[in-house]
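Geometric and topological summary
Below are the chains, spelled out letter by letter.
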Amino acid sequence: MDHFLYRDGELYAEDVSVADIAAAVGTPFYLYSTATLTRHYQLFDEALNGMEHMVCYAMKAASNQAILKTLAELGAGMDVVSGGEYARAKAAGVPGDRIVFSGVGKTRAEIRAALEGGIRQFNVESEPELLVISEVASSLGKTAPITVRVNPDVDAKTHAKIATGKSENKFGIPISKARAVYAEAAALPGIDVIGIDVHIGSQLTDLEPYELAYRKVADLTEQLRADGHNIRRLDLGGGLGIPYTRSNEAPPLPSDYGALIKRTVGHLGCEIEIEPGRLIAGNAGILVSRVIYVKQGEGRQFLILDGAMNDLIRPAMYDAHHDIVPIVEPVAGVEQQSYDIVGPVCESGDTFAKNRMMPPLAAGDLVAFRSAGAYGAVMASEYNTRPLVPEVLAKGDQFAVIRQRPDFDEIINRDTIPPWL
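Residues numbered from 1 in each chain as written. Predicted model: local features only at pLDDT ≥ 70, side-chain atom pairs only at ≥ 80, totals over all residues. Heavy atoms only, no water.

A word on the overall build of the protein chain
Helix and strand counts for the protein chain stand at 12 helices and 21 strands. Computed over its C-alpha atoms, the radius of gyration of the protein chain comes to 23 Å, within 12% of the 22 Å expected for a compact globule of 421 residues. Considered along the principal axes of its C-alpha atoms, the protein chain spans approximately 70 × 60 × 40 Å. Each of the 421 residues in the protein chain was classed as buried or not, and the buried ones make up 54%. In the protein chain, 69% of the contacts between residues at least 6 apart in sequence involve partners at least 24 apart. (Helix = DSSP H or I, 4+ residues; strand = E, 2+ residues; numbered from the N terminus. Rg over C-alpha atoms; globule rule 2.2 N^0.38 Å. Buried < 20%, exposed > 50% of the residue type's maximum accessible area, 1.4 Å probe, protein only. Contact = heavy atoms within 4.5 Å.)

Here it is as structure tokens:
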């Protein structure tokens, strides 16, 4: 569920009128609900009741510091995949011992910064990375806690661009090589082997791939313990999907996911980490845009918005669907019309939907892209010198701009003209 509901004929974010925010902030903008972020985090936390665990929010989904601080105050850890995300988490007040560092290309500078600032663990993706972590940690006189990310060769049955657990994907170490890599890690200076990491993909709508992967992890845990390793933590990744359309069959609930974890690895006595991102942030955010023009084409109508592919790239990159709804609630029984919904960027790829049935709309009307909280603002760009859109956080009857829209001077003045021009 979310907290974006119609009330008295218009869309509200919790107890704030979306139209009132649009009047104050301008369009387009991202809008998040504190109540939804809170509820979704708590569902995961409650799903693992009875097990020692930590829910580490995958902040690549939405990384504004206000979102991070909201979740951290609930007890969340953070899963980061870059030095910049690590710095953001620390700036939001998250202590190092609640930050997990994932990602296939950690640099020496990033590893050093995390060791100096404090880190819960590195999820190691390759043997060369393992050697670099050992070298950097030893040079600092520190010990790096690590898990090894194993690739279980499990098909997550999701979009090819967000599948991470198959043998052809770039992530992790083949599970068939795991015992040899763990033996190598245990012999290295500056390394403390604490557990196993696995993550098979994003937007999973079926629990079967998790079951297959986690049973392989359980078997590996027993093998590694027999080899003498003190495996005490299992990082099981994230990836649970969300419903992007109201008509879709609902993906599994966090409670079902938690029951699966207990069934497959609960007997091992390990601390459990999970790293949800999309399910916490996705339905907690919308993108609000305004209709610029309604254009009649050859056999079709175009709804031209002030939001564009640089603001929300998922439809262009993944052919992703987002429900798009008017801010003013449609009159019951109104006849809908077919629109191609597009943005103003000079590319045909700047298309959000084709032949989408919508209530009649006119220039100046506001619409909301639902389920836009994850992989929305974080993937935005300034293509066509279009300013990054503001981000707004609602809580009860309050709202605050948590990222301002830059003006053109601010964007252009980042450029530096060389002395010969």
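So, the side chain of Thr 27
The topology assignment puts Thr 27 in the loop between α1 (18-25) and β4 (29-33). Only 2.5 Å separates the side chain of Thr 27 from the side chain of Asp 306, close enough to count as a polar contact. The contacts of Thr 27, once residues within four sequence positions are left out, are Ala 22, Val 288, Ser 289, Arg 290, Asp 306, Leu 366 and Arg 405. (Polar contact = N/O pair within 3.5 Å; in protein donor to acceptor, adjacent residues only side chain to side chain.)

Observations concerning the sheet that holds strand β2 (residues 10-13)
Strand order in the open sheet formed by three strands is β1-β2-β3, and the pairing between neighbours is antiparallel. Two strands bound the open sheet, and with one partner strand each, they are β1 (4-7) and β3 (16-17). The pairing of β2 with β3 spans two bridges and is classified as antiparallel. Directly across from Tyr 12, in β3, lies its bridge partner Ser 17. (Pairing = 2+ DSSP bridges.)

Section: the pattern of salt bridges
Inspection of every chain in the model, using the stated rule, returns 20 salt bridges. Note that Glu 116 and Arg 112 form a salt bridge whose closest N and O atoms lie 3.9 Å from each other. Taken as a pair, Glu 116 and Arg 112 lie in helix α5 (residues 108-117) at a separation of four residues, close to a single helical turn. Assessed through its relative accessible area of 35%, Arg 112 is described here as partly exposed. Residue Glu 391 is joined to Arg 403 by a salt bridge in which the shortest nitrogen-to-oxygen separation is 3.5 Å. Of this pair, Glu 391 sits in strand β20 (residues 391-395) while Arg 403 sits in strand β21 (residues 398-403), and the two are 12 residues apart along the sequence. Judged by relative accessible area, Arg 403 falls into the partly exposed class, the value being 22%. Ionic contacts of the salt-bridge type, sharing partners, join the residues Arg 120, Arg 233, Glu 271 and Glu 273 into one network. (Salt bridge = Lys/Arg side-chain N within 4 Å of Asp/Glu carboxyl O.)

Focus on the pairing of strand β9 (residues 144-151)
Burial of β9 is extensive: eight of the eight residues sit out of reach of the surface. Neither face of β9 is exposed, since Ala 144, Ile 146, Val 148 and Val 150 on one face and Pro 145, Thr 147, Arg 149 and Asn 151 on the opposite face are all buried. Where strand β8 (residues 121-124) meets β9, three bridges bridge the pair, whose relative direction is parallel. Each bridged residue has a counterpart across the sheet, and for Val 124 the counterpart in β9 is Val 148. For the crossover from β8 across helix α6 (residues 127-140) to β9, the handedness is right-handed. As judged from the six bridges shared by β9 and strand β11 (residues 191-197), these two strands associate in the parallel manner. When the bridges of β11 are listed, Pro 145 appears paired with Asp 192. Sheet analysis places β9 next to strand β10 (residues 173-174), joined by two bridges and oriented parallel. Within the sheet, the bridge partner assigned to Asn 151 lies in β10 and is Pro 174. (Right-handed = clockwise from strand over helix to strand, strands pointing away.)

Here's the deal with the nonpolar core
Grouped together as the largest cluster of nonpolar side chains are 98 residues, with contacts concentrated most on Tyr 57, Phe 122 and Ile 146. The greatest single-element share of this core, amounting to seven residues, is contributed by helix α8 (residues 208-226). Excluding anything up to four places from it in sequence, Ile 146 contacts Phe 122, Val 124, Leu 130, Ile 133, Ala 185, Ile 191, Asp 192, Val 193, Ile 194 and Gly 195. Ile 21, Leu 31, Ile 286 and Val 325 belong to the second-largest nonpolar core, a separate cluster that totals 18 residues. (Core = buried A, V, L, I, M, F, W, Y, C linked by side-chain atoms within 4.5 Å.)

Comments concerning the packing of α8 against helix α9 (residues 254-265)
Interaxial distance between α8 and α9 falls to 9 Å at its minimum, and their mutual angle equals 30°. On the basis of their axis angle, the class for α8 and α9 is roughly parallel. In the crossing of α8 with α9, the sense of the turn from one axis to the other is right-handed. On α9, the residues touching Tyr 210, Glu 211, Tyr 214, Arg 215 and Ala 218 of α8 are Tyr 257, Leu 260, Ile 261, Arg 263, Thr 264 and Val 265. (Axes fitted to C-alpha atoms, helices over the stretch in contact; angles between N-to-C directions. Parallel < 35°, antiparallel > 145°, perpendicular 65-115°, else oblique. Left-handed = near helix turned anticlockwise from the far one by under 90°.)

A closer look at a nonpolar patch on the surface
On the surface, a nonpolar cluster with roughly 470 Å² of combined accessible area is contributed by Ile 417, Trp 420 and Leu 421. For Leu 421, the location among the structural elements is in the segment after α12 (408-412). (Patch = residues over 30% accessible without salt bridge, like charges linked within 9 Å, V, L, I, M, F, W, Y side chains within 5 Å. Areas by Shrake-Rupley, 256 points an atom, 1.4 Å probe, with all protein chains shown as cover.)

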